[in-house]
Amino acid sequence: IRVARKDTHARGHPDTHTMAHRQGGMQLDSLSPQQLQGLSEQLESDVQQLTESLANLQKAVGRYHTSGRALEGMTLESEGKEMLVPLTSSLYVPGVLGDTSKVLLDVGTGYFLEKSPEDGVDYCKRKVQLVRDNMEKLIEVISEKRKQSTQVQQVFTQKMQMMEQAQAKAAEIGA
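What counts and how
Residues numbered from 1 in each chain as written. Predicted model: local features only at pLDDT ≥ 70, side-chain atom pairs only at ≥ 80, totals over all residues. Heavy atoms only, no water. Helix = DSSP H or I, 4+ residues; strand = E, 2+ residues; numbered from the N terminus. Buried < 20%, exposed > 50% of the residue type's maximum accessible area, 1.4 Å probe, protein only. Contact = heavy atoms within 4.5 Å. Areas by Shrake-Rupley, 256 points an atom, 1.4 Å probe, with all protein chains shown as cover. Pairing = 2+ DSSP bridges. Core = buried A, V, L, I, M, F, W, Y, C linked by side-chain atoms within 4.5 Å. Axes fitted to C-alpha atoms, helices over the stretch in contact; angles between N-to-C directions. Parallel < 35°, antiparallel > 145°, perpendicular 65-115°, else oblique. Left-handed = near helix turned anticlockwise from the far one by under 90°. Salt bridge = Lys/Arg side-chain N within 4 Å of Asp/Glu carboxyl O.

Re the overall build of the protein chain
- Of the regular secondary structure elements, the protein chain holds two helices and six strands.
- Secondary structure elements of the protein chain, listed N to C terminal, follow the sequence β-β-α-β-β-β-β-α.
- Per-residue burial for the protein chain yields a buried fraction of 26% across its 175 residues.
- Here the analysis covers contacts within the protein chain between residues at least 6 apart in sequence; of these, 51% occur between residues at least 24 apart.
- For the protein chain, the computed accessible surface area is about 12,400 Å², with 53% contributed by carbon and sulfur atoms.

Thoughts on unusual backbone geometry
- Unusually for a residue other than glycine, Thr-109 sits at a positive phi of about 45°.
- As for its placement among the helices and strands, Thr-109 is situated in the loop between β5 (103-108) and β6 (111-115).

Notes on the environment of Lys-81
- Turning to its location among the elements, Lys-81 is positioned in the loop between α1 (33-74) and β3 (82-86).
- Given a relative accessible area of 38%, Lys-81 falls into the partly exposed group.
- Put simply, Lys-81 and Leu-97 are 16 residues apart on the chain and 5.2 Å apart in space, counted from C-alpha to C-alpha.
- In this structure, Lys-81 is in contact with Gly-95, Val-96 and Leu-97, ignoring residues within four places of it in sequence.

Brief notes about the pairing of β3
- Direction of pairing for β3 relative to strand β4 (residues 92-96): antiparallel, over a ladder of five bridges. From the neighbouring strand, Val-85 faces β4, where its bridge partner is Val-93.
- The turn joining β3 and β4, which pair antiparallel and follow one another in sequence, is formed by five residues.

Looking at the nonpolar core
- Core analysis: the largest hydrophobic core is formed by nine residues, namely Val-47, Leu-50, Leu-54, Val-61, Val-128, Val-131, Met-135, Leu-138 and Ile-142.
- Taken together, the elements giving at least two residues each to this core come down to α1 and α2 (117-174).
- At five residues, α2 tops the list of elements feeding residues into this core.
- Among all residues touching Ile-142, those that are not within four sequence positions of it are Val-47, Leu-50, Thr-51 and Leu-54.
- Leu-31, Leu-39, Leu-43 and Phe-156 belong to the second largest nonpolar core, which has eight residues in total.

A closer look at the environment of Pro-94
- Locating Pro-94 in the fold gives a position in strand β4.
- In sequence terms Pro-94 and Met-83 are eleven residues apart; their C-alpha atoms lie 5.9 Å from each other.
- Not counting residues within four places of it along the chain, the set of residues in contact with Pro-94 comprises Met-83 and Leu-84.

Structural notes on the packing of α1 against α2
- For the pair α1 and α2, the least separation of the axes is 8 Å and the interaxial angle reads 165°. As judged from the angle between their axes, α1 and α2 are roughly antiparallel. Where α1 crosses over α2, the two elements pack in a sense that is left-handed.

Notes on the pattern of salt bridges
- For the structure on display, the rule yields three salt bridges.
- We note a salt bridge from Lys-145 to Asp-46, for which the minimum N-O separation is 3.2 Å. Linking Lys-145 in helix α2 with Asp-46 in helix α1, this pair joins segments that are 99 residues apart in sequence.
- By relative accessible area, Lys-145 is classed as partly exposed at 22%.
- Residue classification places Asp-46 among the buried positions, given a relative accessible area of 15%.

Here it is as structure tokens:
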């Protein structure tokens, strides 16, 4: 939703009758209350989905931090040390540490890269920065969607008040 400039009275107050609300080039004032309600629900759904995506990105940052710290700690260990190897988040099996000069990095979709632990730490740091940059962009989009939703709700409320006033006036005339 893009909001065009608000027309104002001479005193600088918004004129609610000539306020130009726009949504993607469409005037919000020209939409029916049902259309506004549908648009509001769509925007709220978008905000919810984007917020879930943001939470997933936050989890990804945590996983990259954990992986980076594990790689840093691995350089201090020696070959042949007994350890527990995680198969899942709750299942570990005994194992023996092999060559610590090389690690395999899971870069997604079944692809792995062989790197030094230091290069692995650098990779994790770059991924954390990339994910954080994407999170910042997503936060901006969420904020904009929330503003749009507020604008739609304001126009909806305004239309409902105008309809109630018109009905009350019609009832007075008819009585």
